[in-house]
Structure formats: structure tokens, C-alpha cells
Amino acid sequence: MLISSDMNFKKTTLKNGLRIITVPMKDTPTATVLVLVEAGSKYETKDINGLSHFLEHMCFKGTTNRPKASDISRELDSLGAQYNAFTSQEFTGYYAKAQSKKLPQLIDIIADMYVNPIFDEKEIEKEKGVIVEEINMYEDMPQRHVQEIFTHLLYGDQPAGWDIAGPKEIVRAMTRNHFVNYREKHYVTKGTIVIVAGKINEAAVHKQILKAFEKTSSAEKNGKLPVKEKQNAPALAIKEKKTDQMHLVLGVRSYDVFDKKLATLKVLSSALGGGMSSRLFYRMRDQMGVCYYVRAGSDEFTDHGVFSVAAGVDKTRLIESVRAILEECRKFVDEPLSVAELRKTKDYLIGNLYLGLESSDEIAEFAGMQEVLKREVKKPDELASKIEKVTARDVQKVARELFQNKRLNLAVIGDVKDKIALKKALKF
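Calculation notes
- Residues numbered from 1 in each chain as written.
- Predicted model: local features only at pLDDT ≥ 70, side-chain atom pairs only at ≥ 80, totals over all residues.
- Heavy atoms only, no water.
- Salt bridge = Lys/Arg side-chain N within 4 Å of Asp/Glu carboxyl O.
- Helix = DSSP H or I, 4+ residues; strand = E, 2+ residues; numbered from the N terminus.
- Buried < 20%, exposed > 50% of the residue type's maximum accessible area, 1.4 Å probe, protein only.
- Pairing = 2+ DSSP bridges.
- Axes fitted to C-alpha atoms, helices over the stretch in contact; angles between N-to-C directions.
- Core = buried A, V, L, I, M, F, W, Y, C linked by side-chain atoms within 4.5 Å.
- Contact = heavy atoms within 4.5 Å.
- Parallel < 35°, antiparallel > 145°, perpendicular 65-115°, else oblique.
- Arc of directions from axis to C-beta.
- Polar contact = N/O pair within 3.5 Å; in protein donor to acceptor, adjacent residues only side chain to side chain.
- Phe/Tyr/Trp six-rings, centres within 6.5 Å; stacked < 30°, edge-to-face > 60°.
- Lys NZ or Arg CZ within 6 Å of the ring centre and 35° of its normal.
- pLDDT = per-residue confidence, 0-100.
- Left-handed = near helix turned anticlockwise from the far one by under 90°.
- Nonpolar A, V, L, I, M, F, W, Y, C, P; charged D, E, K, R; others polar.

**Student:** Hey, could you run me through the pattern of salt bridges in this one?
**Tutor:** A side chain of one charge can pair with a side chain of the opposite charge when the charged atoms of the two come close. All chains considered together, the criterion is met by 35 salt bridges. Among the ionic pairs, Glu341 bridges to Arg279, the shortest N-O distance being 2.7 Å. Residue Glu341 is found in helix H12 (residues 339–355), and its partner Arg279 is found in helix H10 (residues 279–287); the two are separated by 62 residues along the sequence. Residue Glu341 is classed as buried on the basis of its relative accessible area of 16%. Assessed through its relative accessible area of 17%, Arg279 is described here as buried. Within this structure, Lys11, Arg19, Glu38, Glu371 and Arg375 form a network of salt bridges that share partners.

**Student:** Hey, could you run me through the sheet that holds strand E4 (residues 82–87) in this one?
**Tutor:** Paired through their backbone hydrogen bonds, the strands of a sheet run either parallel or antiparallel. Spatially, six strands are ordered E1-E2-E6-E3-E5-E4 in an open sheet, and the strand pairing comes out mixed. The open sheet has two free edges, formed respectively by strand E1 (10–13) and E4, since each of these has just one partner strand. The average angle at which neighbouring strand axes cross in this sheet is 10°, direction not considered. Bridge analysis of strand E3 (residues 30–37) against strand E6 (residues 192–198) gives seven bridges, and the strand direction is antiparallel. For Val33, the partnering residue across the bridge sits in E6 and is Val196.

**Student:** Looking at this model, I keep getting lost on the sheet that holds strand E9 (residues 291–300). Mind explaining?
**Tutor:** Ordered in space as E7-E11-E8-E10-E9, the five strands form an open sheet in which the pairing is mixed. The strands lining the two open edges of the sheet, one partner per strand, are strand E7 (235–240) and E9. For this sheet, the mean angle separating the axes of adjacent strands, direction not counted, is 15°. Pairing geometry for E7 and strand E11 (residues 408–414), over six bridges, is parallel. Along E11, the bridge assignment pairs Ala237 with Ala411.

**Student:** Could you clarify how one ought to interpret the nonpolar core in this entry?
**Tutor:** Inside soluble globular proteins, nonpolar side chains tend to come together where they are buried. In terms of nonpolar packing, the biggest core is built from 73 residues, with Leu248, Leu250, Met284, Val313, Leu318, Phe332 and Phe403 touching the most fellow members. Considering every element that reaches this core, the biggest residue donor is helix H11 (residues 318–334), with eight residues. Each residue touching Leu250, except ones within four places of it in the same chain, is listed here: Phe150, Phe307, Ser308, Val309, Val322, Ile325, Leu326, Leu408, Asn409, Leu410 and Leu426. Judged by nonpolar contacts, the second largest core, of 50 residues, contains Ala39, Met58, Leu79 and Ala85.

**Student:** What's the story with the packing of H12 against helix H14 (residues 380–388) in this structure? I'm lost.
**Tutor:** One can describe the packing of H12 onto H14 by two numbers: an axis separation of 10 Å at closest approach and a directional angle of 170°. Regarding the angle of H12 to H14, the classification is roughly antiparallel. The segment H12 lies against H14, with Arg343, Lys346, Leu349, Ile350, Leu353 and Tyr354 engaging Pro380, Asp381, Leu383, Ala384, Ile387 and Glu388.

**Student:** Got a minute to help me understand helix H8 (residues 202–212) in this structure?
**Tutor:** In an α-helix, one full turn covers 3.6 residues, which means residues spaced three or four apart are oriented alike. For H8, the set of buried residues is Val205, His206 and Ile209. For H8, the buried positions fall inside an angular range of 100° around the axis, keeping them on one side. The outward face of H8, more than 90 degrees from its buried face, is lined by the exposed residues Ala203, Lys207 and Lys211. Tucked inside the fold, the buried residues of H8 contact E1, strand E2 (19–24), helix H3 (103–115) and E6. Sitting at the head of H8, Asn201 places a side-chain oxygen 3.2 Å from the backbone nitrogen of Ala203.

**Student:** Can you help me understand the packing of aromatic side chains in this one?
**Tutor:** To describe a pair of aromatic rings, one takes the distance between the centres and the angle between the planes. Following the criterion strictly, the structure yields 10 aromatic pairs and no others. Seen in terms of ring centroids, Phe307 and Phe403 are 5.8 Å apart; in terms of plane orientation they differ by 55°. Their pairing is tilted. Of this pair, Phe307 sits in strand E10 (residues 305–314) while Phe403 is found in the loop between helix H15 (392–402) and E11, placing the two residues 96 residues apart along the sequence. Accessibility classification places Phe307 together with Phe403 in one group, the buried group. These aromatic residues form a ring-pair network of at least three members: Tyr94, Tyr114, Tyr187 and Phe213. For the cation-ring pair, Arg144 lies above Tyr138, with the distance from its terminal atom to the ring centre recorded as 3.4 Å.

**Student:** I'm lost on the pairing of E10 in this one. Help?
**Tutor:** Each regular strand carries side chains that alternate between the two faces of the sheet. Across the 10 residues that make up E10, a large majority, nine, are buried. With nine bridges connecting them, strand E8 (residues 245–253) and E10 associate as antiparallel partners. Each residue of the ladder has a partner; that of Leu248, found in E10, is Ala311. Where E9 and E10 come together, eight bridges link them in antiparallel fashion.

**Student:** Help me understand the confidence of the model for the chain in this model?
**Tutor:** Per-residue confidence for the chain averages 96 on the pLDDT scale, and 99% of its residues sit at or above 70. For residues 1–5, every residue scores under 50 in pLDDT, and the model assigns this stretch 18 contacts once sequence neighbours within four places are set aside.

**Student:** For this particular structure, what's the right way to read the packing of helix H2 (residues 69–78) against H3?
**Tutor:** For any two helices packed against each other, the geometry comes down to the angle between their axes and how far apart the axes lie. Where H2 meets H3, the closest approach of the two axes is 11 Å, and the angle between their N-to-C directions is 160°. The pairing of H2 with H3 is recorded here as roughly antiparallel in orientation. As for the relative orientation of H2 and H3, their crossing is left-handed in sense. Within the contact between the two elements, H2 uses Ile72, Glu75 and Leu76 and H3 uses Leu106, Ile109 and Met113. Split into classes, the residues belonging to the contact of H2 with H3 amount to five nonpolar, no polar and one charged.

Encoded structure:
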């Protein structure tokens, strides 16, 4: 399989702005086509919040060549394909994976969905019920829903603070014109990337993509509003809910995807909560016995970033748990990582980097996510090299920059008994 320094990404940008990335892999029996478009909830206005996600659903509900949803699903299933789509704040993706010999059919189907959706009004009305139930499902999953509360706490009433699926009342009010108008602004060649990875013939793939996507609009791409960052004191958001445990996200405003400190941040997050030997896992699960899951990580976007810790803890020990997390964060400020812990953390990160590149869909996503956010693709070895260069002092410097009270935020779902005491505990 082609990984490490042998991985060969080829990027072509057509005159109309459409970007094509191919990644040939010799020793895999599969191929994946992934189409990404620069359209997500941060490209929306408040009156259409959730439309990016809804549109993603509607691309599976019929095209000019495959008028019914069953036409699409039946054909993909007959290929033995794995397929789905996803929407985030800054992009939407559509993908399918199957045996490499099925790649021409995969490209044809995904391109048809992307280029030729019909947005049937009856299907739109039916899908509203599906999406409302999807929202209800996530609201019943506190481990996930607390992430949405945390995001809104940081960014409030601006696109970066809105739920990707949108409010139910806005979803119910959407019409076919909303889909047509939004798609005309964003589903254009300059915002579109087609990634194909696996056992492929690159010349044949390029030729087919050119034909399959030739009807994609070449109109100018609409942009998005910049994120407004504003905070000068710790912030707390609580959603009262009867649960068997407290679900929390504690975090700070961090760096965007272009920041040179990201490799250092990855080392910090991994040492803090990136595995079963991480500090938080050892402190909160092995020593305190207060939780089943606890993890730390960062999310980077084009103009903002967040570093956070998520945990589900004993509902009688919430404040104790928050203090423990803050204490472990503070230790990175006070003392540099030891040589042994720094080495272990780097090995963990680099090992997991390569373990995440064992299949055609993983490699397509690896290339696509870099391109859609940064408009460049780094090879795994380049990313590993950046991690190797991180020093203990670098980690301490980033910790001192991030772990400040004026950046601190906490979101909680559960039956919080003492809100005043919880707020007092919210400081490094």
C-alpha cells in the first residue's frame, strides 16, 4: 500500500476552478471517490440555518438521471459500495467506496447526485420529518449534544455558533427555492474538489471526471462571514436534564488551521487526553474512578479553532471532576514534559497518523480535508516531521498561551445542584 514518503498525491486545478486530486494505491483492491464542496453552516444566514445539511440529504433523493431515491441506493448497493455524506461548518462531502473495478460507476453516481439533484417538493416535505427526527435523536444523546451547547457558548448568535442541522422550525419552513438559490451560490467549480484514491488509472479517472462534472456551474463562489472572537472571563452554559451522568466539555479558544503551532497543540492534546496512558485517563479513570470516557482534542477551521476536553462523569462528582481537569491542564503550564513522556506522545501521534491511512477512503479523506480547508496537501511524512520537531518548551509555551481564565469555557448537560460552586471552580 502506498503510504509514507511513497504516497503520491496529484492535484490538478482546471481553468474553471474545479480541483481534482488523485492518489494511486498499488496494493489495495478498492477505490474511493469523494466530492467536497466549500459549503457548510458557516456559509448560511440565520433564516436558512441548517440548509447545507438539508441539501446534503436531498442529493440522495433523486437526480435527473435517477429520479427516485431508491434508484440511487439500489444501484450503489448492487455495486457492493459503502456510501454516505456529511456536513460540517465549512464543507459538505459525498463519497462512495467499492472494488476498484467499480470506480467508473461510482464516479458516475456521485457526480450525478452532485450535479443533477432535482429537489422534488414532495421529497423535501417528507425529508423535513427525517431531519427533525435526526435533530431529536442528537438531542437525546447528551454526549454529542453537549458539544453543540459548548459551540454556542463560545460563538453565540453567529454562524460559527449555530447548530449544523439548524433549528426545527427553520427546517420545517424551507422551500425548494431555498435549495436552488443556495446551491447556485456555493455548488460551483471554484468551491468543488473531487478526490479519487485507490487502485486507479489516473488518466482514465481524469477523463471521466471532466465529463461527469462538466455541467457544474462556473459562477463565482460566495464567501462566508468571518468569525468574531470575544471573551474576557470564564463562561459557563448548563442544560438541565435528568441524566445518569454529567456530560461536560471544557475548553479554550485556540488556533485556526493555518497556525504554525498546530503540531505542538497536537502533542499537548495527546499528552493530556489522547490515549489510555494520557494524563487525564490516568487521573480521572484509573485514580479517581469518576468516568468511563475522557478525551482531549482540537478542532481547527479557516478562521478559528477550539481546544477541548470532553467527559461523562459521576453526577455527584462534577465539581471535583472539573477541578481535576483544570489541574491537569495547569501542570503543562508549570512544568515541561519529561523526555520520556514527550517521546511516548510523539510515537503515539505518528503511529496513529499512519494507522489512519490504511484504506482508500481514509486516504481520500486525508487529502480532501487538507485541501478543502488549506488548499494544499501535505504528505504524512511532512506532518510526522513537524511533530518530531516539537520540544517540551514549545508545549509549555502553548499551554501558557491557551490555559488562561479569559479563554475558558464549560458546557454541561445534567442535573447540576450547585451552579454557584461550579462557576467558582471554573478557573485555572
